[in-house]
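Here's the letter readout for the chains.
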Amino acid sequence: MGHLRAFVVTLLALDALVVVVGTYLLPPDPFTQLFLVGPLLLLAPVVAWWLVYRDGFERVQALVESDDERP
(Lines give C-alpha, C1' and ligand atoms only; values in the text may rest on other atoms or scores of the structure.)
Protein backbone atom coordinates (compact mmCIF):
# COMPACT_ATOMS: atom_id res chain seq x y z
CA MET A 1 0.00 0.00 0.00
CA GLY A 2 2.98 2.32 0.54
CA HIS A 3 3.97 2.26 -3.14
CA LEU A 4 0.45 3.14 -4.24
CA ARG A 5 0.33 6.13 -1.90
CA ALA A 6 3.77 7.29 -3.08
CA PHE A 7 2.67 6.88 -6.70
CA VAL A 8 -0.49 8.96 -6.21
CA VAL A 9 1.37 11.71 -4.32
CA THR A 10 4.12 11.80 -6.95
CA LEU A 11 1.58 11.91 -9.77
CA LEU A 12 -0.32 14.78 -8.16
CA ALA A 13 2.92 16.69 -7.57
CA LEU A 14 4.02 16.22 -11.18
CA ASP A 15 0.59 17.30 -12.46
CA ALA A 16 0.70 20.43 -10.32
CA LEU A 17 4.23 21.18 -11.48
CA VAL A 18 3.26 20.82 -15.15
CA VAL A 19 0.22 23.09 -14.78
CA VAL A 20 2.08 25.78 -12.84
CA VAL A 21 5.11 25.81 -15.14
CA GLY A 22 2.85 25.76 -18.20
CA THR A 23 0.86 28.69 -16.85
CA TYR A 24 3.98 30.81 -16.38
CA LEU A 25 5.90 29.84 -19.52
CA LEU A 26 3.17 29.60 -22.14
CA PRO A 27 0.96 32.31 -23.60
CA PRO A 28 -2.50 32.61 -22.05
CA ASP A 29 -4.14 31.07 -25.12
CA PRO A 30 -6.14 27.99 -24.01
CA PHE A 31 -5.43 26.09 -27.24
CA THR A 32 -1.68 26.52 -26.84
CA GLN A 33 -1.83 25.50 -23.19
CA LEU A 34 -3.80 22.33 -23.99
CA PHE A 35 -1.54 21.55 -26.93
CA LEU A 36 1.63 21.65 -24.82
CA VAL A 37 0.44 20.85 -21.27
CA GLY A 38 -1.87 18.00 -22.35
CA PRO A 39 0.89 15.65 -23.52
CA LEU A 40 2.94 16.42 -20.42
CA LEU A 41 -0.02 15.47 -18.24
CA LEU A 42 -0.24 12.19 -20.16
CA LEU A 43 3.47 11.62 -19.59
CA ALA A 44 3.26 12.34 -15.84
CA PRO A 45 1.96 8.84 -14.86
CA VAL A 46 4.89 7.23 -16.70
CA VAL A 47 7.40 9.43 -14.89
CA ALA A 48 5.66 8.85 -11.54
CA TRP A 49 5.72 5.08 -12.14
CA TRP A 50 9.44 5.20 -12.94
CA LEU A 51 10.20 7.29 -9.87
CA VAL A 52 8.24 5.08 -7.47
CA TYR A 53 8.37 1.54 -8.83
CA ARG A 54 11.71 1.52 -10.67
CA ASP A 55 13.77 3.27 -7.97
CA GLY A 56 13.95 6.55 -9.83
CA PHE A 57 14.09 8.57 -6.62
CA GLU A 58 17.20 6.67 -5.50
CA ARG A 59 18.87 7.18 -8.89
CA VAL A 60 18.16 10.91 -8.87
CA GLN A 61 19.41 11.17 -5.28
CA ALA A 62 22.62 9.33 -6.22
CA LEU A 63 23.20 11.76 -9.09
CA VAL A 64 22.69 14.76 -6.82
CA GLU A 65 24.94 13.36 -4.11
CA SER A 66 27.73 12.54 -6.58
CA ASP A 67 27.66 16.15 -7.84
CA ASP A 68 27.98 17.44 -4.26
CA GLU A 69 31.13 15.43 -3.64
CA ARG A 70 33.12 16.98 -6.51
CA PRO A 71 35.68 19.60 -5.42
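Scroll up to find the structure.
Below, the structure is looked at part by part.

Parameters and conventions
Residues numbered from 1 in each chain as written. Predicted model: local features only at pLDDT ≥ 70, side-chain atom pairs only at ≥ 80, totals over all residues. Heavy atoms only, no water. Helix = DSSP H or I, 4+ residues; strand = E, 2+ residues; numbered from the N terminus. Expected span 1.5 Å × (residues − 1). Buried < 20%, exposed > 50% of the residue type's maximum accessible area, 1.4 Å probe, protein only. Core = buried A, V, L, I, M, F, W, Y, C linked by side-chain atoms within 4.5 Å. Contact = heavy atoms within 4.5 Å. Patch = residues over 30% accessible without salt bridge, like charges linked within 9 Å, V, L, I, M, F, W, Y side chains within 5 Å. Areas by Shrake-Rupley, 256 points an atom, 1.4 Å probe, with all protein chains shown as cover. Salt bridge = Lys/Arg side-chain N within 4 Å of Asp/Glu carboxyl O.

Because an α-helix completes one turn every 3.6 residues, residues spaced three or four positions apart along the sequence face the same direction. Here helix α1 (residues 2-25) is 24 residues long and its end C-alpha atoms lie 34 Å apart, about the 34 Å a rise of 1.5 Å per residue gives. Taken residue by residue, α1 has Phe7, Thr10, Leu11, Leu14, Val18 and Gly22 as its buried positions.

What follows covers the nonpolar core. In terms of nonpolar packing, the biggest core is built from 6 residues, these being Phe7, Leu11, Leu14, Ala44, Ala48 and Val52. Put simply, the parts of the chain that give this core at least two residues each are α1 and α2 (30-53).

Another aspect to go through is the environment of Phe7. Considering the arrangement of structural elements, one finds Phe7 in helix α1. Given the relative accessible area of 18%, Phe7 is considered buried. Residues in contact with Phe7, not counting those within four places in the same chain, are Pro45, Ala48, Trp49, Val52 and Tyr53.

What follows concerns a nonpolar patch on the surface. A cluster of nonpolar side chains, namely Leu4, Val8, Leu12, Trp49, Trp50, Tyr53, Val60 and Val64, defines an oily patch on the protein surface of about 710 Å² accessible area. Every element with two or more residues in the nonpolar patch is listed here: α1, α2 and α3 (56-68). Topologically, Trp50 is positioned in helix α2. Given the relative accessible area of 31%, Trp50 is considered partly exposed.

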